[in-house]
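# Tertiary structure, described
Now for the letters of each chain:
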Amino acid sequence: MRATGIVRRIDDLGRVVIPKEIRRALQIKEGAPLEIFTERDGSIIIKPYRKSFEECCHEWYESYKKLLNHCHFHFVDDYTFCIANHYNPTEPDRAGFAKRFCEDEHDPIIGRVAAYANAMGYDLNEMIGYED
């Protein structure tokens with residue numbers, strides 16, 4: 001942790017202003033979500049909030065449900081298979097698969113989204129907007 005020499009007071013509503021120089025240096029824009037952590041020693045840590053991989057998968061799935069209605073999914077052992085059919089009859093069907101991991105066992109949406117990305121040749125993280 002690096003000392004900045006800046007001291008701020010908490011106002012009557014419990015707010016603390018993060019100085020403009022620090023926001024600019026850390027590229028924190030107005031309205032950006034921040035996550036607050038506490039340490040056992042009483043320290044407070046504030047970090048930019050990043051959605052989890054699971055949250056990104058579910059949001060993408062909700063946005064593209066209609067598209068996925070044109071796909072066929074099959075679950076075999078530890079794999080989710082996808083055959084992607086699209087609106088354009090001249091475009092060939094595409095197929096892909098994704099290996100399911102133990103954390104995905106109870107969440108078939110993750111497997112479907114991953115298999116669809118594979119079938120279409122997309123980078124999964126990029127497709128769902130997940131920043132690693």
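Overview of the structure. Everything numeric in this text was worked out from a predicted model, so none of it was measured.

Cut-offs and rules
- Residues numbered from 1 in each chain as written.
- Predicted model: local features only at pLDDT ≥ 70, side-chain atom pairs only at ≥ 80, totals over all residues.
- Heavy atoms only, no water.
- Pairing = 2+ DSSP bridges.
- Helix = DSSP H or I, 4+ residues; strand = E, 2+ residues; numbered from the N terminus.
- Axes fitted to C-alpha atoms, helices over the stretch in contact; angles between N-to-C directions.
- Parallel < 35°, antiparallel > 145°, perpendicular 65-115°, else oblique.
- Contact = heavy atoms within 4.5 Å.
- Nonpolar A, V, L, I, M, F, W, Y, C, P; charged D, E, K, R; others polar.
- Buried < 20%, exposed > 50% of the residue type's maximum accessible area, 1.4 Å probe, protein only.
- Arc of directions from axis to C-beta.
- Expected span 1.5 Å × (residues − 1).
- Salt bridge = Lys/Arg side-chain N within 4 Å of Asp/Glu carboxyl O.

## Examining the pairing of strand E1 (residues 34-38)
Two elements, E1 and strand E2 (residues 44-48), share 5 bridges in a ladder whose sense is antiparallel. In the sheet register, Ile36 faces E2, and the bridge partner there is Ile46. From the end of E1 to the start of E2, which pair antiparallel, there are 5 residues, and Gly42 there has a positive phi angle of about 95 degrees.

## Things to note about the packing of helix H2 (residues 53-63) against helix H4 (residues 108-120)
Helix packing for two helices is described by the angle between their axes and how far apart those axes are. At a minimum axis distance of 9 Å, the contact between H2 and H4 shows a crossing angle of 75 degrees. By the criterion of interaxial angle, the relationship of H2 to H4 is roughly perpendicular. Contact residues: Phe53, Glu54, Cys57, His58, Trp60 and Tyr61 in H2; Ile109, Ile110, Arg112, Val113 and Tyr116 in H4. Tallied by class, the residues present in the contact of H2 with H4 amount to 8 nonpolar, 1 polar and 2 charged.

## Focus: the environment of Ile10
By the secondary structure assignment, Ile10 is in the segment before helix H1 (20-25). Since its relative accessible area comes to 60%, Ile10 is described here as exposed. Those residues within four positions of Ile10 in sequence are excluded, and the remaining contacts are Arg15 and Val16.

## So, H2
Those residues of H2 lying buried are Cys56, Cys57, Trp60 and Tyr61. Taken down its axis, H2 places every buried residue within 130 degrees of arc, on the same side. In the core, the buried residues of H2 are packed alongside helix H3 (65-68), H4 and helix H5 (124-128).

## As for unusual backbone geometry
Even without being a glycine, Gln27 presents a positive backbone phi close to 55 degrees. By secondary structure assignment, the location of Gln27 is in the loop between H1 and E1. Taking relative accessible area as the criterion, Gln27 reaches 67% and is therefore assigned exposed.

## Details of the side chain of Thr80
The topology assignment puts Thr80 in strand E4 (residues 79-84). The contacts of Thr80, once residues within four sequence positions are left out, are Phe73, His74, Phe75, Gly96, Phe97, Ala98, Arg100, Gly111, Arg112 and Ala115.

## Comments concerning H4
The end-to-end C-alpha distance of H4 is 18 Å, a good match for the 18 Å that 13 residues give at a rise of 1.5 Å each. The buried count for H4 comes to 10 of 13 residues, which makes it a mostly enclosed element. All buried positions along H4 are accounted for by Ile109, Ile110, Gly111, Val113, Ala114, Ala115, Tyr116, Ala117, Ala119 and Met120. Against H2, H3, strand E3 (71-76), E4, strand E5 (94-99) and H5 lie the buried residues of H4. Phi turns positive, to about 80 degrees, at Gly121, one or two residues after H4.

## Describing the pattern of salt bridges
Taken as a whole and assessed by the stated rule, the structure comprises 4 salt bridges. A salt bridge links Glu59 to Lys51; the shortest N-O distance between them is 2.7 Å. When its relative accessible area of 37% is taken as the criterion, Lys51 is described as partly exposed. Put simply, Asp78 and Lys99 hold a salt bridge, and the shortest N to O gap is 3.4 Å. Of this pair, Asp78 sits in the loop between E3 and E4 while Lys99 sits in strand E5; the two residues are 21 residues apart in sequence, bridging distant segments of the chain.

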